[in-house]
Amino acid sequence: MSGCCSNGSLSFRNLGKSGLRVSCLGLGEHPLPSPQMAEQLMTLAYDNGINLFDTAEVYAAGKAEVVLGNIIKKKGWRRSSLVITTKIFWGGKAETERGLSRKHIIEETVRAMTHVINQGMAMYWGTSRWSSMEIMEAYSVARQFNLIPPICEQAEYHMFQREKVEVQLPELFHKIGVGAMTWSPLACGIVSGKYDGGIPPYSRASLKGYQWLKDKILSEEGRRQQAKLKELQAIAERLGCTLPQLAIAWCLRNEGVSSVLLGASNADQLMENIGAIQVLPKLSSSIVHEIDSILGNKPYSKKDYRS
């Protein structure tokens, strides 16, 4: 799997072992900004080489998909030049509107996704927040009944959450070709450094419904993370970049990651995040080792034990 270009421009990677080419940075539509801001962000992303736009039926109660479609139509972008991902699960409020099927079981999901692809409604399907065992089972079911297996798993990945993307998914990639599309590179803003002095007003952690995030930041573990981020800030300054850019480039350094999904609420934030591409070539093995030493959470795969 190829990495991003050494000259710091946006490049494309295969999604798993499929032939689908996705930009190594993608744009997530959650939470959905106003339609005007969404158009501005999508245009900026598209003009900077991003071809992957991620949405879901549940984002803004289904409005995110509509807004996305309207923007594409208005801009006259060729549908074939875009990779659009959506997710089905949560649906509506009624019990019959949630889940992937009446029985919510893997075989039925694989059959349903195969049907969706055979009907021309999608080209590929993947999973999100599935365990390695569930993904392997889906692959086995697909092989057993001549159905279409998933090509990628969407997983949370950032400096404080590494095990799944760095150990479990590479094993699945080598066994069955499933790639990784990752989200939350800034850990809901924790890695941005904005919480080093507590919870600022108007930040995500101060919003209603985000008490869990506030608790996480103010916990003992959260304080330890902020101390580590202060040390990482010094590395970012040395490299001439911001902490968020360092964090996103750090996610991109992982060759097992096909695309890192960005979340942005304004144009400046999006352009700063896209600037992580310029930082990627600066992440030498010694810098990565230094970051690992500060984080102290590098997971070890079987391969590491043998070496």
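Note that the structure is predicted; figures quoted are calculated from it, not measured.

Attention shifts here to unusual backbone geometry. Its identity as a non-glycine residue notwithstanding, Arg129 has a phi of 65°, on the positive side. Position of Arg129 among the secondary structure elements: in the loop between β6 (127-128) and α4 (132-144). Of note in this structure, Asn146 is not a glycine but carries a positive phi near 55°. Structurally, the position occupied by Asn146 is in the loop between α4 and β7 (152-156).

At a closest axis distance of 9 Å, the pairing of helix α7 (residues 220-239) and helix α11 (residues 285-295) adopts a crossing angle of 165°. One finds that α7 runs roughly antiparallel with respect to α11. As for how α7 packs across α11, the hand of that crossing is right-handed. Across the interface between the two elements, Lys228, Glu231, Leu232, Ile235, Arg238 and Leu239 of α7 pack against Ile287, Glu290, Ile291, Ile294 and Leu295 of α11. Its residues assigned to classes, the contact of α7 with α11 shows 7 nonpolar, no polar and 4 charged.

The next subject is the nonpolar core. Of all hydrophobic cores here, the largest spans 77 residues; its most connected members are Leu25, Met159, Leu232, Leu246 and Ile291. Residue contacts for Met159: discarding those within four places in its chain leaves Val191, Leu232, Leu246, Ala247, Trp250, Ile291, Leu295 and Asn297. Counting 10 residues, the second largest nonpolar core, distinct from the first, contains Leu20, Val83, Met181 and Leu261.

Okay, the sheet that holds strand β8 (residues 179-183) next. Within a sheet, adjacent strands bond to each other through the backbone by hydrogen bonds, running parallel or antiparallel. What the 7 strands build is an open sheet, ordered β5-β4-β3-β9-β8-β7-β6; its pairing is parallel. Each having just a single partner strand, β5 (83-85) and β6 make up the two edges of the open sheet. Relative to β5, strand β4 (residues 52-54) is paired through 3 bridges, and the arrangement is parallel. In the strand pairing of β5, Asp54 is matched with Thr85.

Attention now goes to the side chain of Ser18. Summarising the element assignment, Ser18 is placed in the loop between β1 (12-14) and β2 (21-23). Owing to a relative accessible area of 10%, Ser18 belongs among the buried residues under this scheme. If we ignore the near neighbours within four places in the chain, the residues touching Ser18 are Tyr124 and Ile151.

Right, let's talk about helix α1 (residues 35-47) for a bit. The terminal C-alpha atoms of α1, which comprises 13 residues, lie 18 Å apart, in line with the 18 Å expected from a rise of 1.5 Å per residue. Listed in full, the buried residues belonging to α1 are Ala38, Glu39, Leu41, Met42, Thr43 and Ala45. Summarising the contacts, the buried residues of α1 are in contact with β3 (25-28), β4, α2 (63-75) and α9 (267-274). Positive backbone phi, approximately 95°, marks Gly49, located one or two places after α1.

This model, assessed by the stated rule, comprises 4 aromatic pairs. The lysine or arginine in question, Lys17, covers the ring of Phe173, its NZ or CZ lying 4.9 Å from the ring centre. For the cation-ring pair, Arg111 lies above Phe145, with the distance from its terminal atom to the ring centre recorded as 4.8 Å.

When you line up the elements, Ile277 lands in helix α10 (residues 276-279). Given a relative accessible area of 2%, Ile277 falls into the buried group. Sequence separation between Ile277 and Leu246 is 31 residues, and the spatial gap between their C-alpha atoms is 9.5 Å.

Okay, the pattern of salt bridges next. Counted under the stated rule, the structure contains 11 salt bridges. Its salt-bridge partner being Glu39, residue Lys74 comes within 3.0 Å of it at the nearest N-O pair. Separated by 35 residues along the polypeptide, Lys74 in helix α2 and Glu39 in helix α1 bring together distant segments of the chain. Accessibility expressed as a relative area gives 61% for Lys74, which makes it exposed. With a relative accessible area of 19%, Glu39 lands in the buried category.

Reading guide: rules and limits
- Residues numbered from 1 in each chain as written.
- Predicted model: local features only at pLDDT ≥ 70, side-chain atom pairs only at ≥ 80, totals over all residues.
- Heavy atoms only, no water.
- Helix = DSSP H or I, 4+ residues; strand = E, 2+ residues; numbered from the N terminus.
- Axes fitted to C-alpha atoms, helices over the stretch in contact; angles between N-to-C directions.
- Parallel < 35°, antiparallel > 145°, perpendicular 65-115°, else oblique.
- Left-handed = near helix turned anticlockwise from the far one by under 90°.
- Contact = heavy atoms within 4.5 Å.
- Nonpolar A, V, L, I, M, F, W, Y, C, P; charged D, E, K, R; others polar.
- Core = buried A, V, L, I, M, F, W, Y, C linked by side-chain atoms within 4.5 Å.
- Buried < 20%, exposed > 50% of the residue type's maximum accessible area, 1.4 Å probe, protein only.
- Pairing = 2+ DSSP bridges.
- Expected span 1.5 Å × (residues − 1).
- Phe/Tyr/Trp six-rings, centres within 6.5 Å; stacked < 30°, edge-to-face > 60°.
- Lys NZ or Arg CZ within 6 Å of the ring centre and 35° of its normal.
- Salt bridge = Lys/Arg side-chain N within 4 Å of Asp/Glu carboxyl O.

So, to be careful, I would describe these as geometric facts and stop short of saying anything about function.
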